[in-house]
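Listed below, chain by chain, are the residues.
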Amino acid sequence: MQLYLCEVSPRLRARQLQKLGPFTPEYVSSVLDLPAQPAFVIANEFFDALPIDQYCLTDDGWRMQAVGLDDNGALAFCT
């Protein structure tokens with residue numbers, strides 16, 4: 001198995017090399033730079049961007065929680 005990583009942050013690359021050094025990862029700048037061969041691709045940022053519904057228990061029962069703007073225009077949780 002050859003391990004390819006697409007990471008733009010030099011700080012995170014250094015941490016990854018500390019953990020994955022024995023597997024000798026190779027870095028690419030883009031998924032388009034991956035070699036043309038069968039691959040298993042795990043896309044962490046893809047999963048981070050998926051929308052989800054979050055619910056929290058309030059005194060009035062379960063309510064959907066979302067991010068909105070408060071009276072001052074700042075981001076805040078709202079139910």
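Data block above holds the structure.
Residues numbered from 1 in each chain as written. Predicted model: local features only at pLDDT ≥ 70, side-chain atom pairs only at ≥ 80, totals over all residues. Heavy atoms only, no water.

K.L.:
Would you take a moment to explain the side chain of Glu7 for this structure?
P.N.:
Along the chain, Glu7 turns up in the loop between β1 (4-5) and α1 (10-20). Among the polar contacts made by the side chain of Glu7, one reaches the main-chain amide nitrogen of Ser9 at a distance of 3.1 Å. Apart from the residues within four sequence positions on either side, Glu7 is in contact with Leu12, Arg13, Gln16, Tyr27 and Val28. (Helix = DSSP H or I, 4+ residues; strand = E, 2+ residues; numbered from the N terminus. Polar contact = N/O pair within 3.5 Å; in protein donor to acceptor, adjacent residues only side chain to side chain. Contact = heavy atoms within 4.5 Å.)

K.L.:
Quick question: what am I supposed to make of a nonpolar patch on the surface here?
P.N.:
A contiguous nonpolar surface patch, about 480 Å² in accessible area, is contributed by Ile42, Phe46, Phe47 and Leu50. Within the fold, Phe46 resides in helix α2 (residues 44-48). (Patch = residues over 30% accessible without salt bridge, like charges linked within 9 Å, V, L, I, M, F, W, Y side chains within 5 Å. Areas by Shrake-Rupley, 256 points an atom, 1.4 Å probe, with all protein chains shown as cover. Salt bridge = Lys/Arg side-chain N within 4 Å of Asp/Glu carboxyl O.)

K.L.:
Is there a simple way to explain the layout of surface pockets in this structure?
P.N.:
A probe matching the size of a water molecule, rolled over the atoms, marks out where space remains unfilled. For the largest pocket, the calculated volume is near 830 Å³. Lining the largest pocket are 21 residues, with Tyr4, Leu5, Cys6, Val41 and Ile42 sitting closest to its centre. Elements supplying a minimum of two residues to the lining of the largest pocket: β1 and α2. Of the residues assigned to the lining of the largest pocket, the class counts are 15 nonpolar, four polar and two charged. (1 Å grid on protein atoms, 1.4 Å probe; cavity = no way out; pocket = protein on both sides within 12 Å on 5 of 7 lines; lining within 4 Å. Points joined across faces, edges and corners; volume = space filled by probe spheres on them. Nonpolar A, V, L, I, M, F, W, Y, C, P; charged D, E, K, R; others polar.)

K.L.:
Would you mind showing me how to read the pairing of strand β3 (residues 54-58) here?
P.N.:
One face of the sheet, then the other: side chains in a regular strand alternate in exactly this way. Where β3 and strand β4 (residues 61-69) come together, five bridges link them in antiparallel fashion. Bridge assignment links Cys56 to a residue of β4, and that residue is Arg63. Counting the residues in the hairpin turn of β3 and β4 gives two residues. (Pairing = 2+ DSSP bridges.)

K.L.:
How should I be thinking about the pairing of β4 in this particular structure?
P.N.:
Bridge count between β4 and strand β5 (residues 75-78): four bridges; the pairing is antiparallel. The residue bridging Gly68 from the neighbouring strand is Ala76, located in β5. Between the antiparallel neighbours β4 and β5 lie five residues, among them Gly73 with a positive phi of about 85°.

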